[in-house]
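Next come the chains, spelled out residue by residue.
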Amino acid sequence: MERTEDGFRAVNGRGAAVAIGDGDAEGAFTPVELLLAALGGCELVTVEPLTAKRGHRMARLAATVQADKVATSTLGTITVTYDVELPEGDDEAEGVLKAVAARVHEKYCTVGNALREPMKVDQVV
C-alpha cells in the first residue's frame, strides 16, 4: 500500500495494482468495495475449477456481493448472489454448481473464513 497523488494504490508482488480511494475518487475502489470483491473473487476462483474439473464448465459465472452499512464502521450481513448461465444440454450442472458453491462458501473460501472467524490483526506503526 502506498499513497499516490490522488489516493492510494495497492501493488502485489507480481506487479498487479489497484487504486483505492474514499468513494469520490474516479476509477478507484473503496476499502469496503475491495473487501466485498475479495469475497466474491475468492468464491468464484474456487468454484470455477472445481465445477470444470467435474465436467461442468458454466457458460457464465459471476456474482454480486452486497452488504449494508448498519452503523459507522460496521457492515451487516454480506450476501453473495451468483449470476450463472448453465452449459447448454448439461442437466447435472446446476446440482453440481450448487453443491460445490455451498462447500466453497462454508469451508474453502479463505476470505469468507476470515470474515466469519475471529482473528487477530496486528498493526505496527
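See the structure above.
A quick note: this is a predicted structure, and the numbers were derived from the prediction, not measured. (Residues numbered from 1 in each chain as written. Predicted model: local features only at pLDDT ≥ 70, side-chain atom pairs only at ≥ 80, totals over all residues. Heavy atoms only, no water.)

Asker: What exactly am I supposed to notice about the pattern of salt bridges here?
Answerer: Oppositely charged side chains are able to pair whenever their charged atoms sit close together. Enumeration according to the criterion identifies five salt bridges in this entry. The salt bridge involving K98 is made with E94; its shortest N-O contact spans 3.3 Å. You can see K98 and its partner E94 sitting in helix α2 (residues 93-108), four residues apart, about one turn around the helix. Residue class for K98 comes out exposed when judged on its relative accessible area of 55%. Ionic pairing is found between K120 and D122, a salt bridge with its closest N-O pair at 3.8 Å. Here the two residues K120 and D122 agree in accessibility, since each one is exposed. (Salt bridge = Lys/Arg side-chain N within 4 Å of Asp/Glu carboxyl O. Helix = DSSP H or I, 4+ residues; strand = E, 2+ residues; numbered from the N terminus. Buried < 20%, exposed > 50% of the residue type's maximum accessible area, 1.4 Å probe, protein only.)

Asker: Where do I start with the sheet that holds strand β1 (residues 2-4) in this structure?
Answerer: The strands that make up a sheet pair up through hydrogen bonds in the backbone, lying either parallel or antiparallel. Strand order in this open sheet of three strands is β1-β2-β3, and the pairing throughout is antiparallel. Strand pairing shows two members of the sheet lacking a second neighbour, β1 and β3 (17-20), which therefore form its edges. Mean inter-strand twist for the sheet, computed between neighbouring axes without regard to direction, equals 35°. (Pairing = 2+ DSSP bridges. Axes fitted to C-alpha atoms, helices over the stretch in contact; angles between N-to-C directions.)

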